[in-house]
Amino acid sequence: MKRISKLLALIPFLAAALPAQRPWQEITVPSLSEVAANFKAPPHEYGAIQPFASWNGADPKEVRQRIVRDFDLLAANGIFVVNLSPGRGEPKYLSPEHLEQVKFTVQEAAKRGMRLWIQDESDYPSGFGGGNISRQYPQLGMQGMVADIHVRVVPGQTLTMPAPPDTLAIFATKTSTDQKIQGVVNIPVPANGQLKWTVPAEGSTPNEPRLSWEVVFVRHIYVSSPTRNFNREDGTRAKDALYSLIDYLDPAATQAFLKITHETYRQAVGDQFGKIVLGFFGDEPDYSIAGLPYTPRLFEEFQARKGYDLRPYIPAFFVGRGMEETPATQRARADFSDVWSGIFQNSFFGEQADWCQKYNVEYLVHLNHEETMTALERSEGDYFRDNRRVEVPGIDNLNQLVPDAVHRPDGTWNVNNNFPKLASSAAHLFGKPKVWAEEGGGIGVDGKYQMDFQLVRGVTLLQIRVPVIRGGGDPSAPAATLPAVPPEAAMTAWYANRGGYLMAIGRPAAQVALYHPGNSIWMGDQQADQSTTKLGWQLFEHQVDWDYFDEQSLSSVAAIEDGGFKNLSGQVYKAIIFPSMTVITRTGLERLRAFVKAGGKAIFVGKTPGLMVDKTFLDAKDVPDLSFATLVEPSGDITARVLAALPKPDVTLDSPWQRLTYTHRSWRDAEMYFFFNESNQAESRIATVAGRGQAQAWDLATGEIHALPAAIAANDSARFPLSLGPYEAKVIVIGPDPSRAH
């Protein structure tokens, strides 16, 4: 009995030790000597990823030969991580033959010390289970609210008809001859299902303006965002709603999806979860539907969270055609966004994160429309809520992060090319070490630029486009006819391996945060979106590194410690910049006041919020008192006054350099800086950076480390010439001499 008691007493200690066996899953702050020991050949879990590798064909023996050949090629060229996709054709997705091939692939990866991510779908977006949701769980399919039935009526007519099934709201519009809506009449949904409504006679006489009337029925229906299935029954690559996604707002639907996909893989290779299999990759789950998200418990949940009935406001969500929303409609719509995004956060993303954590793997996902903030909020609800429990937040760079595109703002600031900061900020805020990019760059000028552009914005896992196994999934491409691997392939892969490793270890060190005004965007505030994008660029142009700071962190998640807001990575923000915005929460405002009292700096740039939100947007009335703020800058720009109000910078230059960006991470006894010249001109400055010790250059291409001969060390800083060629990046570390550090 005593022996059992002793064993039971050890359980908490054993459980606490388990994460340490998978250090890539947690924030680690190693010493310089530990990092230097890993730098030349970092642990594979942090490495560059071969995107969407699949091996298909009718002959399993021949397919396996290609897997072996391609794994050898990848390992020989420095790529040790594969994003495993089912691909088109044989073996069919989740069939016994497919799972046998997955087992073989895992075994071959293990022989070479390689790692795998498993794509969670038969293509994308995540949540249709290769068509099995429609086949096995049609009742759990995605639903939406749509205004899909329109009945033309004339003035004075009495319309008598059965209300269509699943009607949520009915309204009538009167429209002028120029097709502009002149008014809206809400019609009660009949309790007995039989509608009888008389159209006003207005517009029926020759002396009145001619008006046309239309009765509109808003219903909840099964409607899905489009999906693309590798193995469509019609053999095409069409993207449509033939195979429905799950109801993302129903946790039971997510459990059905997990049962179909993740559990099937676990039965096959679960013994390698958290070892060879790092986790599951999810792709673009969102509401790209012609309507609004719906789930059967929506109104009940809305009533519980907001204390009022949403249904009377639904007609106004669907009117359109020149009718401006009333303030009440805008606020009710914001409440609706608040509620459904809060459900989405837990019912879909949270359920998957919990499952992955239970089985020692990680959930990696990227959302949709990351570069256009308004569209992102409309289809995803709230980016940072969605990623609150995701282990590896991601983004999808569709080749837009190239030199000819990123620095050509059109003056409207509608496109946010700093969107990699969304994923890295989510990771930093919520204590996650890794950040993923679907298009992480590759060979050539544009490919290298995309790698550095994302690394300097905090991305760590680069899914790189390096033609090592080009044609590897094609059974008609035997080894003898494969194109030669370009000579720069291996160097590119190792560059990504080392860069990703350095960006994942240590603690992020940006002192400045830029508030992400999701609440104001829900209110239809386009200026909040544009202001945020503009301020992000202007901060970079003045060598101010920053993270986004979301409402969750402002209201509850971040702790007020060490003179600032401390996030779950242990990083402390000394200043929060607020862009132009419409609303602020009362809880957030009270916490912000405490932050300033503790020594933090609250800076409002542009339009200040005019409403304070408590439980509901609908009842928001009070104008927030911002007299405690460090600075209110009405110009809407990062001015000299704003810069002067910020904390002491960790990087200063002897003269301006608009296109120099950097990021900073802290190790136990050293400071790491990644500098990137985003211009096509060679530049040189004298840089002074925070840190104690020797200034060293860490070469991502070769893995070599050498001291900067012209550097001058001070008590808490180092000064050195910083020269960068066009589009060149450098890693500078300030710390002890690696040859002497212990």
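First, a word on scope: everything that follows refers to the structure included in this document. None of the values given here were measured: they were computed from a predicted structure.

Scoring rules and cut-offs
Residues numbered from 1 in each chain as written. Predicted model: local features only at pLDDT ≥ 70, side-chain atom pairs only at ≥ 80, totals over all residues. Heavy atoms only, no water. Pairing = 2+ DSSP bridges. Helix = DSSP H or I, 4+ residues; strand = E, 2+ residues; numbered from the N terminus. Contact = heavy atoms within 4.5 Å. Axes fitted to C-alpha atoms, helices over the stretch in contact; angles between N-to-C directions. Salt bridge = Lys/Arg side-chain N within 4 Å of Asp/Glu carboxyl O. Buried < 20%, exposed > 50% of the residue type's maximum accessible area, 1.4 Å probe, protein only. Phe/Tyr/Trp six-rings, centres within 6.5 Å; stacked < 30°, edge-to-face > 60°. Lys NZ or Arg CZ within 6 Å of the ring centre and 35° of its normal. Core = buried A, V, L, I, M, F, W, Y, C linked by side-chain atoms within 4.5 Å.

## Regarding the sheet that holds strand β34 (residues 694-698)
Read across the sheet, six strands follow the order β19-β31-β32-β38-β34-β35 without closing on themselves; strand pairing throughout is antiparallel. The sheet is open, and its two borders are formed by β19 (507-508) and β35 (705-707), each paired with just one other strand. Pairing between β34 and strand β38 (residues 729-735): five bridges, direction antiparallel. Bridge pairing links Ala695 to Ile734 in β38. Packed on one face of the sheet, helix α15 (residues 444-455) meets β31 (660-666), β32 (671-677) and β38 and runs near 140° to β32.

## Quick notes on the pattern of salt bridges
Side chains that differ in charge, positive against negative, can pair when their charged atoms come close. Overall, the coordinates contain 38 salt bridges when judged by the stated rule. Between Glu439 and Arg465 there is a salt bridge whose closest N-O contact spans 3.2 Å. Of this pair, Glu439 sits in the loop between β17 (436-437) and α15 while Arg465 sits in the loop between β18 (461-462) and α16 (489-504), and the two are 26 residues apart along the sequence. Assessed through its relative accessible area of 10%, Glu439 is described here as buried. Arg465 sits in the partly exposed class, given a relative accessible area of 35%. Residue Arg586 pairs with Asp614 through a salt bridge whose shortest N-O separation is 2.5 Å. One end of the pair, Arg586, is in helix α20 (residues 586-597); the other, Asp614, is in the loop between β28 (611-613) and β29 (631-633), and 28 residues separate them in sequence.

## Observations regarding the packing of aromatic side chains
Evaluation of the coordinates by the stated rule reveals 42 aromatic pairs. When the ring of Trp55 is compared with that of Phe71, the centres are 5.6 Å apart and the planes differ by 80°; the resulting orientation is edge-to-face. Taken together, the residues span a long stretch of sequence, with Trp55 in the loop between β1 (49-53) and α3 (60-76) and Phe71 in helix α3 at a distance of 16 residues. Exposure remark for Phe71: the relative accessible area of 0% places this residue in the buried category. Here the aromatic rings of Tyr673 and Phe675 are separated by 6.1 Å at their centres, their planes lie at 15°, and the arrangement is stacked. Accessibility classification places Tyr673 together with Phe675 in one group, the buried group. Here Lys421 stacks its cationic end above the ring of Trp546, 5.4 Å away from the centre of that ring. Note that Arg457 overlies the ring of Phe453, its terminal NZ or CZ placed 3.5 Å from the centroid.

## A few points about helix α11 (residues 373-380)
Burial within α11 is extensive, with six of its eight residues counted as buried. Of the positions making up α11, those classed as buried are Met373, Ala375, Leu376, Glu377, Ser379 and Glu380. Packed against the buried residues of α11 are α10 (327-358), α12 (383-386), α14 (420-429), α17 (518-522), α18 (526-541) and β21 (546-549). Downstream of α11 by a residue or two, Gly381 has a phi angle that is positive, lying close to 90°.

## Quick word on the nonpolar core
One broad rule of soluble globular proteins: the nonpolar side chains tend to lie buried together. Grouped together as the largest cluster of nonpolar side chains are 181 residues, with contacts concentrated most on Met145, Ile577, Trp667 and Phe674. At 11 residues, α10 tops the list of elements feeding residues into this core. Excluding its chain neighbours within four sequence positions, the residues that come into contact with Phe674 are Asp452, Leu455, Val456, Tyr495, Thr661, Tyr662, Thr663, Leu700, Ala729, Lys730 and Val731. Counting residues in each nonpolar core, the second largest holds 18 residues, with Trp657, Phe675, Leu722 and Leu724 among its members.

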